[in-house]
Amino acid sequence: CGSSHCRHTLHPTEAEREIWEEVDVVLKDAKAILDELQAYKGAGPDIREAIQNPNDEALQEKAWAAVVPLVGKLKKFYEFSQRLEAALHSLLGALTSETYSDPTQHLEREQALAKQFAEILHFTLRFDELKMTNPAIQNDFSYYRRTLSRMRINNVPAEGENEVNNELANRISLFYADATPMLKTLSDGTTKFVSENKNLPIENTTDCLSTMASVCKVMLETPEYRSRFTSEDTVSFCLRVMVGVIILYDYVHPVGAFAKSSKIDMKGCIKVLKDQPPNSVEGLLNALRYTTKHLNDESTNKTIKSMLQ
């Protein structure tokens, strides 16, 4: 959007307004979710004590009491991922609809929605960066499940039981088992969107993604744009969005983002990442290394592979 990070809120057109408002509600909660995830400390010490002293009832109860509210949070994060996917679905519908022939024009007309799409990607990569560095999440959840099944076997009524039934627990487990759960949710959501809209040329979706990638790349590598950025936050916002759309493109496009025919200048994008202070982009480079689909294909250019080594 514009040349610098929209300081004014872009005003949506009437057609966009409904979708914009629906997505805005979700994005308003995203900040709180990140804050909660960042503050998530886990019940590691309590769990260790309980496991080391299996016959000490008080310690078992202490660990359980510590874990139950945490599982409430993990459930909330998971439920938020479902809301985020629904929001993404609505946005893709609007951003890929058949009204303009040219994706650039499309994003310009739909600036307010394109900005929200960018916000979703920004949130997603930030969430996954935080989750990747927090092993407590999976430990807490598996302890919860083990304890719960033991209580069921012994017919102990568990007050945490109503929180999460078995079927939901399975879905939550799968969600956190992924290295980058939010990104997987979005990738699956985008893939699903494309398969549900068979009448929509796949290019509508991929062109929208590749255009966003190149807008971010140009803004980051052009000194005159770069100097207008009001803060480092804007830089990290652009970087996350660029990486996010590359990954989605790689999932949705039949041959992916790394192929010769890809509309994304991958060398240029990786170069922009490599030009940032190293500690600030390691997470994003890892996202390209480990969560894309086609990087390790035979057909991927050797230079691109070695740039990401």
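Residues numbered from 1 in each chain as written. Predicted model: local features only at pLDDT ≥ 70, side-chain atom pairs only at ≥ 80, totals over all residues. Heavy atoms only, no water.

Caption draft 1: Structural context of the packing of helix 3 (residues 57-95) against helix 8 (residues 181-196). Running from N to C, helix 3 and helix 8 cross one another at 35°; their axes reach a closest spacing of 9 Å. Of the two possible hands of crossing, helix 3 and helix 8 adopt the one that is right-handed. Seen from helix 3, the contacting residues are Phe77, Phe80, Ser81, Leu84, Glu85, Leu88, His89, Leu92 and Gly93; seen from helix 8, they are Met182, Thr185, Leu186, Gly189, Thr190, Lys192, Phe193 and Glu196. Looking at side-chain class alone, the contact of helix 3 with helix 8 contains eight nonpolar, six polar and three charged residues. (Axes fitted to C-alpha atoms, helices over the stretch in contact; angles between N-to-C directions. Helix = DSSP H or I, 4+ residues; strand = E, 2+ residues; numbered from the N terminus. Left-handed = near helix turned anticlockwise from the far one by under 90°. Contact = heavy atoms within 4.5 Å. Nonpolar A, V, L, I, M, F, W, Y, C, P; charged D, E, K, R; others polar.)

Caption draft 2: Focus on the packing of aromatic side chains. In total, this model carries seven aromatic pairs according to the counting rule given. An angle of 40° between the planes, with centres 5.8 Å apart, marks the rings of Phe123 and Phe127 as tilted. Taken as a pair, Phe123 and Phe127 lie in helix 5 (residues 111-132) at a separation of four residues, close to a single helical turn. For Phe123, a relative accessible area of 3% corresponds to the buried category. In this structure an aromatic cluster arises from ring pairing among Phe77, Phe80, Phe123 and Phe127. (Phe/Tyr/Trp six-rings, centres within 6.5 Å; stacked < 30°, edge-to-face > 60°. Buried < 20%, exposed > 50% of the residue type's maximum accessible area, 1.4 Å probe, protein only.)

Caption draft 3: Broad picture of helix 3. Compared with the 57 Å implied by 1.5 Å per residue over 39 residues, the 57 Å span of helix 3 between its first and last C-alpha is a close match. Two or three places before Ala58, at the start of helix 3, stands the capping residue Asp56, its side-chain oxygen 3.0 Å from that residue's backbone nitrogen. (Expected span 1.5 Å × (residues − 1). Polar contact = N/O pair within 3.5 Å; in protein donor to acceptor, adjacent residues only side chain to side chain.)

Caption draft 4: Just the pattern of salt bridges, in detail. All chains considered together, the criterion is met by 18 salt bridges. Measuring nitrogen to oxygen at the nearest pair gives 2.9 Å for the salt bridge that ties Lys31 to Asp35. One end of the pair, Lys31, and the other, Asp35, are both in helix 1 (residues 14-38), four residues apart, so they sit about a helical turn from each other. For Lys31, a relative accessible area of 54% gives the class exposed. For Asp35, a relative accessible area of 38% corresponds to the partly exposed category. Residue Lys76 pairs with Glu36 through a salt bridge whose shortest N-O separation is 2.4 Å. With Lys76 in helix 3 and Glu36 in helix 1, this pair connects stretches of sequence that are 40 residues apart. Overall, Lys76 belongs to the partly exposed group, its relative accessible area being 39%. (Salt bridge = Lys/Arg side-chain N within 4 Å of Asp/Glu carboxyl O.)

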